[in-house]
Amino acid sequence: MSVQNPHKIDTSKLDEIIGSYDCKKSNLIAILQKVQEVYRYLPEEALIYIGTKIEGLSPATVFGVATFYAQFSLEPKGKYEIKVCDGTACHVRGSMPVLNAIRAKLNMPEGQLTSDNGLFSLETVSCLGACGLAPVVVINDKVYPQMTSDAITIVLDTLMKEEN
Ligand code: FES
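Undergrad: Residues and numbers for unusual backbone geometry, please.
TA: Of note, the bond from Ala134 into Pro135 is cis; its omega dihedral lies within 30 degrees of zero at -5°. The topology assignment puts Pro135 in the loop between strand S2 (120-125) and strand S3 (137-139). Positive phi outside glycine occurs at Arg40, with the angle close to 70°. Summarising the element assignment, Arg40 is placed in the loop between helix H2 (28-39) and helix H3 (44-53). Its identity as a non-glycine residue notwithstanding, Gln146 has a phi of 45°, on the positive side. Its location among the elements puts Gln146 in the loop between strand S4 (142-144) and helix H7 (149-163).

Undergrad: Please give an account of the nonpolar core that cites residues and values.
TA: Within the largest apolar cluster, 16 residues are counted, with the highest numbers of intra-cluster contacts made by Ile82, Val84, Val98, Ile102, Val136 and Val137. Of all the secondary-structure elements, those providing two or more residues to this core are strand S1 (80-85), helix H6 (95-106) and S2. Dropping the residues within four chain positions of it, Val98 is found in contact with Val84, Pro135, Val137, Met147, Thr148, Ser149 and Ile152. Residues Leu14, Val35, Ala46 and Val62 belong to the second largest nonpolar core, which totals 14 residues.

Reading the values: rules and limits
- Residues numbered from 1 in each chain as written.
- Predicted model: local features only at pLDDT ≥ 70, side-chain atom pairs only at ≥ 80, totals over all residues.
- Helix = DSSP H or I, 4+ residues; strand = E, 2+ residues; numbered from the N terminus.
- Core = buried A, V, L, I, M, F, W, Y, C linked by C-beta atoms within 7 Å.
- Buried ≥ 20, exposed ≤ 12 C-beta atoms within 10 Å, placed from the backbone.
- Contact = placed C-beta atoms within 7 Å.

Structure (structure tokens):
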């Protein structure tokens, strides 16, 4: 099953979000967080719309804020956001073979951030503060400790089966 990445934004949904934050420019970050929750990223059209809809803002200001904060993504994210820790402890204990196993399983060459079916996005992160469990992979909010290539392949197989 493939996940739809909404290329067309629903302006009534955006109006609802903006309205729930009183159309105030001081609530811009909260508005962007909510929009990202809905779309799993910040579509360009949504940023332009917000910039023209809220008094005192412009699309350029909204883009500036969206690109300044690391929490915001202007690229589509998968339903499953995979984070492979490549901090020192995880690296030493084999995070790279785990990362390579994920790339192979999802057919994602280096540089590709989201799988072709839109289900998985992949990134490496620095220390997640769980070095005792290294190497660590986080998928959405779930932590997978002491991962190996085989173990992560089984995890991905399970997620893929759930989607079929
Ligand atoms: S280095 Fe991976 S959790 Fe600390």
